[in-house]
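The residues making up each chain are set out below.
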Amino acid sequence: MKYVFGNWKMYLDHKEAVSLASEVATLQFDASKTKVAVFPSMLSLTAVGEALHESGVAYGAQHVAWTPRGAYTGAVSAELAHNAGATHTLVGHSERRHVFGETNDDVRKRLEAACSTGLTVVLCIGETREDLDEGKREYRLKKQLLKALDGVDADAISLIVAYEPVWAIGNSGDGTPCAPAEAEEVQSWIKTELVQYGFTDVPVLYGGSVNAQNVVSYMSLPSVDGVLVGGASKQFESFREIIEAVAAM
Ligand code: PGA
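Here we summarise the structure given alongside this text. (Residues numbered from 1 in each chain as written. Predicted model: local features only at pLDDT ≥ 70, side-chain atom pairs only at ≥ 80, totals over all residues. Heavy atoms only, no water.)

1. Some points on the pairing of strand S1 (residues 2-7)
Remember that side chains alternate between the two faces of the sheet whenever the strand is regular.
Thinking step 1. Burial runs high along S1: six of the six residues are buried.
Thinking step 2. Here S1 shows a buried face lined by Lys2, Val4 and Gly6 and a second buried face lined by Tyr3, Phe5 and Asn7.
Thinking step 3. Bridge count for S1 against strand S2 (residues 34-39) is six bridges, and the pairing is parallel. Note that in S2 the partner of Phe5 across the bridge is Ala37.
Thinking step 4. Each parallel crossover has a hand, and the one from S1 via helix H1 (residues 14-24) to S2 is right-handed.
Thinking step 5. Note that S1 and strand S8 (residues 226-229) share four bridges and pair parallel. Residue pairing in the sheet places Gly6 in a bridge with Val229 of S8. (Buried < 20%, exposed > 50% of the residue type's maximum accessible area, 1.4 Å probe, protein only. Helix = DSSP H or I, 4+ residues; strand = E, 2+ residues; numbered from the N terminus. Pairing = 2+ DSSP bridges. Right-handed = clockwise from strand over helix to strand, strands pointing away.)

2. Examining helix H8 (residues 180-196)
Thinking step 1. Over its 17 residues, H8 extends 24 Å from the first C-alpha to the last, a length consistent with the 24 Å expected when each residue adds 1.5 Å.
Thinking step 2. For H8, the complete set of buried residues consists of Ala183, Glu184, Val186, Gln187, Trp189, Ile190, Glu193 and Leu194.
Thinking step 3. Residues of H8 that are buried in the fold lie against strand S5 (120-125), helix H7 (137-149), strand S6 (159-163), strand S7 (204-207) and helix H9 (215-219).
Thinking step 4. Looking one or two places after H8, you find Gly198, whose phi comes out positive at around 95°. (Expected span 1.5 Å × (residues − 1). Contact = heavy atoms within 4.5 Å.)

3. With respect to the site of the ligand
Thinking step 1. Around the ligand sit Asn7, Lys9, His93, Glu164, Ile169, Gly170, Gly208, Ser209, Leu228, Val229, Gly230 and Gly231, and that is every residue in its neighbourhood.
Thinking step 2. The contact in question runs from an oxygen atom of the ligand to an N or O atom on the backbone of Gly170, over 2.7 Å.
Thinking step 3. Residue Gly231 places a main-chain N or O atom 2.8 Å away from an oxygen atom belonging to the ligand.
Thinking step 4. Partitioning the shell around the ligand into residue classes produces three nonpolar, seven polar and two charged. (Near = heavy atom within 4 Å. Polar contact = N/O pair within 3.5 Å; in protein donor to acceptor, adjacent residues only side chain to side chain. Nonpolar A, V, L, I, M, F, W, Y, C, P; charged D, E, K, R; others polar.)

4. Points about the environment of Val38
Thinking step 1. Secondary-structure assignment places Val38 in strand S2.
Thinking step 2. Measuring from C-alpha to C-alpha, the distance between Val38 and Phe5 comes to 5.7 Å, with 33 residues separating the pair along the chain.

5. Focus on the sheet that holds strand S4 (residues 88-91)
Thinking step 1. Spatially, the eight strands close up into a barrel ordered S1-S2-S3-S4-S5-S6-S7-S8, and their pairing is parallel. Each neighbouring strand pair of the sheet contributes to a mean axis angle of 25°, computed without reference to strand direction.
Thinking step 2. In terms of strand pairing, S6 meets S7 through three bridges, oriented parallel. Bridge pairing in S7 places Val161 opposite Val204.
Thinking step 3. Set on the sheet, helix H5 (residues 104-117) makes contact with S4 and S5; between it and S5 the angle comes to about 160°. (Axes fitted to C-alpha atoms, helices over the stretch in contact; angles between N-to-C directions.)

6. Some details on the pairing of strand S3 (residues 58-61)
Thinking step 1. Burial along S3 is two-sided: Ala58 and Gly60 and Tyr59 and Ala61, pointing in opposite directions, are all buried.
Thinking step 2. The sheet contact formed by S2 and S3 spans two bridges and is parallel. Opposite Val38, over in S3, you have Tyr59 as the bridge partner.
Thinking step 3. Of the crossover connections in this fold, the one passing from S2 over helix H2 (residues 45-52) to the parallel S3 is right-handed.
Thinking step 4. In terms of strand pairing, S3 meets S4 through two bridges, oriented parallel. By the bridge assignment for S4, Ala61 is matched with Thr89.
Thinking step 5. For the crossover that starts at S3, traverses helix H3 (residues 78-83) and ends in the parallel S4, the hand is right-handed.

Right, dumping it as structure tokens:
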């Protein structure tokens, strides 16, 4: 299976998100070979779900709170997202970690909550430019993986890992895409780590300035199972080109 996931961040208002979802719903691709999912803002989750109805395109939350319900102003839980039809959630996206100050402990709690409601978790990990300059890439990734997954029953979680070097993310990072050969080296290392922790066959996606021009160079790599796309997923034309390029491979 190949994966094309679109992280719409806070780019689109409600009307724009529903309109983009309606366009994405018209795309023809073999859903048994390519899994497409979009991650709209919570405000538009239900309406995007309705717009995608029967298209084979999944949708998920960008972020979930761990307590199912209660007095948590501003929060939306994994349970509520699941009840609204979400099948996936991002957990630990770099903007959550670095803009909103989420810790590895927060990430772990969100992962457990998502897992217990039956959502597929897209666990995002990635080193900062500073980590890279200090030679701490593997240290950072290992820490993020272990804090999120140590002791988690591999049979009880539907897991996807997204490697998104913080420095390679458009807008919030430098927007310098990671060279494909470098992405391959890191992703192959991540896969080996996951197997050592008992997680076999976990898809590993690459994210960070993926666009219609470079997507094939990432998707041709043996350790890249899919892409998590931010900026280039918020307009129909570029998202369509990415989906069609991946589906044609
Ligand atoms: P980008 O974002 O494609 O705009 O770099 C990717 C992400 O943050 O998931």
